[in-house]
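# Structural overview
Given next are the chains, with one letter for each unit.
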Amino acid sequence: MGFPLIPLALLGGAGYVGNELKKAGQRKEIENLINQSQILGDPTNNFGYGTGFGPGMFGPTSGYQAQLGYQTQMGKQQRENMIKNLLAIEPITDRAKSRDFERNMAAARFRTQLGTQQGLTLQGQRGAQALAQQGMGAAGNALTSNYQYQ
């Protein structure tokens, strides 16, 4: 058993209106706003031109241009202050970096000297051990050999 088919026009919620498909729940007010292109409203929001924004905002005497000039001037001043601060800090950071470099080089020299001393000590211990082994072997041979006097 199947369900009976009901034409869309009879549902009332959706259907064809002219050449467009009308959506269910579409309001006339929204359709009027779209048709009248009044979605954004007045660019100055009905405040007139006292705010500096609006059609005359790019004129040389507008409030917007004054704000833009102020922001530009403050940006330049802050940039100049930043450069002065960096130039004042540069010698201090250079000295700190050179001290770090010297400290790292001294640590590298110490590590190298320590490694060399350890290597020489180990080499001396091995040489002494080899001499001791030879000496003990010679002493053992001397004790076990028979001397013949003539």
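Residues numbered from 1 in each chain as written. Predicted model: local features only at pLDDT ≥ 70, side-chain atom pairs only at ≥ 80, totals over all residues. Heavy atoms only, no water.

Below, the discussion takes up the overall build of the protein chain. Assigned secondary structure in the protein chain consists of 3 helices and 2 strands. Listing every helix and strand of the protein chain by position from the N terminus yields α-β-β-α-α. Taken over 150 residues, the protein chain has a buried fraction of 4%. When the accessible surface of the protein chain is split by element, carbon and sulfur atoms take 59% of a total near 14100 Å². (Helix = DSSP H or I, 4+ residues; strand = E, 2+ residues; numbered from the N terminus. Buried < 20%, exposed > 50% of the residue type's maximum accessible area, 1.4 Å probe, protein only. Areas by Shrake-Rupley, 256 points an atom, 1.4 Å probe, with all protein chains shown as cover.)

On to the pattern of salt bridges. If you walk through the whole model with that rule in mind, you get 1 salt bridge. Close ionic contact of D100 with R103 constitutes a salt bridge, the shortest N to O distance being 2.3 Å. One end of the pair, D100, and the other, R103, are both in helix α3 (residues 63-144), 3 residues apart, so they sit about a helical turn from each other. (Salt bridge = Lys/Arg side-chain N within 4 Å of Asp/Glu carboxyl O.)

Judged by side-chain polarity, M82, I83, L86 and L87 come together as a nonpolar surface patch covering roughly 390 Å² of accessible area. Looking at where I83 falls in the secondary structure, it is placed in helix α3. With relative accessibility at 34%, the residue I83 sits in the partly exposed group. (Patch = residues over 30% accessible without salt bridge, like charges linked within 9 Å, V, L, I, M, F, W, Y side chains within 5 Å.)

This part covers α3. One turn of the α-helix equals 3.6 residues, which is why residues spaced by three or four share an orientation. The first and last C-alpha atoms of α3 sit 117 Å apart over 82 residues, in line with the 122 Å expected at 1.5 Å per residue. E90 marks the point of greatest bend in α3, at about 35 degrees, and the proline P91 comes within the next four residues. (Expected span 1.5 Å × (residues − 1). Bend = angle between axes of the 7 residues up to and from the residue.)

Okay, the environment of T112 next. For T112, the position within the fold is in helix α3. Judged by its relative accessible area of 51%, T112 is exposed. A polar atom in the side chain of T112 sits 2.9 Å from the backbone oxygen of A108. (Polar contact = N/O pair within 3.5 Å; in protein donor to acceptor, adjacent residues only side chain to side chain.)

Now for the confidence of the model for the protein chain. With 63% of its residues at a pLDDT of 70 or more, the protein chain shows a mean pLDDT of 76. Mean pLDDT values over the elements of the protein chain span from 49, in helix α1 (residues 8-11), up to 90, in α3. Overall, residues 10-14 carries pLDDT values under 50, and its contacts beyond four positions in sequence, including any with other chains, amount to 8 contacts. (pLDDT = per-residue confidence, 0-100. Contact = heavy atoms within 4.5 Å.)

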